[in-house]
Amino acid sequence: MPKKDTALSCMGVCLVGVGTWLFIDRWESVSGVSAFGTAIGFPVLSLGLGLLVASALSDNGLLSKFRIPGAKLIATLAYSLYLTHKALIHLVDLCFPALVKAGGTLWLGVYAASCLLVAAVLYLCVERPFLVLRDRRRVG
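The shown structure was predicted, so the numbers you read here are calculated from the model rather than taken from an experiment. (Residues numbered from 1 in each chain as written. Predicted model: local features only at pLDDT ≥ 70, side-chain atom pairs only at ≥ 80, totals over all residues. Heavy atoms only, no water.)

Each helix and strand counted, the chain has five helices and zero strands in total. Seen in sequence order, the chain has helices and strands lined up from the N terminus as α-α-α-α-α. Relative to the globule expectation of 14 Å for 140 residues, the C-alpha radius of gyration of the chain, 20 Å, shows a markedly less compact shape. Expressed as a percentage of the 140 residues in the chain, the buried residues total 24%. For the chain, the share of sequence-separated contacts (at least 6 apart) that also reach a separation of at least 24 residues comes to 60%. A total of about 10,400 Å² of accessible surface is found on the chain, and carbon and sulfur atoms cover 73% of it. Averaging the positions of the 13 positive and the 7 negative side-chain charges in the chain gives two centres separated by 10 Å. (Helix = DSSP H or I, 4+ residues; strand = E, 2+ residues; numbered from the N terminus. Rg over C-alpha atoms; globule rule 2.2 N^0.38 Å. Buried < 20%, exposed > 50% of the residue type's maximum accessible area, 1.4 Å probe, protein only. Contact = heavy atoms within 4.5 Å. Areas by Shrake-Rupley, 256 points an atom, 1.4 Å probe, with all protein chains shown as cover. Lys, Arg positive; Asp, Glu negative; His and termini not counted. Charge placed at Lys NZ, Arg CZ, Asp CG, Glu CD.)

Before going further, it helps to spend a moment on the packing of aromatic side chains. Across all of its chains, the model carries three aromatic pairs by this definition. The interplanar angle of 35° and the centroid separation of 6.1 Å between the aromatic rings of Tyr79 and Tyr82 together place this pair among those described as tilted. With Tyr79 and Tyr82 both in helix α3 (residues 71–95) and three residues apart, this pair spans about one turn of that helix. (Phe/Tyr/Trp six-rings, centres within 6.5 Å; stacked < 30°, edge-to-face > 60°.)

This part covers the side chain of Ser58. Tracing the backbone through its elements, the reader meets Ser58 in the loop between α2 (33–57) and α3. A distance of 3.0 Å separates a polar atom in the side chain of Ser58 from the backbone oxygen of Ser55. (Polar contact = N/O pair within 3.5 Å; in protein donor to acceptor, adjacent residues only side chain to side chain.)

Across its 36 residues, helix α5 (residues 104–139) extends 50 Å between first and last C-alpha, which sits within 8% of the 52 Å expected from 1.5 Å per residue. When the local axis directions of α5 are compared, the greatest deviation, roughly 40°, occurs at Tyr123. Buried within α5 we find Tyr111, Ser114, Cys115, Ala119 and Tyr123. (Expected span 1.5 Å × (residues − 1). Bend = angle between axes of the 7 residues up to and from the residue.)

Below, the discussion takes up α3. The terminal C-alpha atoms of α3 lie 29 Å apart, and with 25 residues this falls more than 12% below the ideal 36 Å at 1.5 Å per residue. The sharpest bend along α3 measures roughly 55° and falls at Ala78. Within α3, burial applies to Leu77, Ser80, Leu81, Thr84, Leu88 and Val92. Residues of α3 that are buried in the fold lie against α5.

Below, the structure is given as structure tokens:
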């Protein structure tokens, strides 16, 4: 089985590379090669990333041997981040217009910190209690 797991990693890296290459000059034109890249690039990129995730989850995969600090936290907060990040970025833009104009890493850091903070609060106060309630009802 290790050969299959290695193949998952290799195919995933290759497809991510092809998907990225398809996005070259994406904003230059709305027709021709760039339009083809936009239409085909996202499914190719998604398939490649899916293969990388499968490799990371398999027992013998190349990526299963690496631990990425913070990945578990981001995975736990992923749904809450998904629900709140767009509105929160807009709110940060409204509350800190000078920060938006300045740009740079401070700007990105404020976005990231606020998104993670609100996602954590949403997860701890809403999502987690309802998951516990669901598990209690399922067992009882």
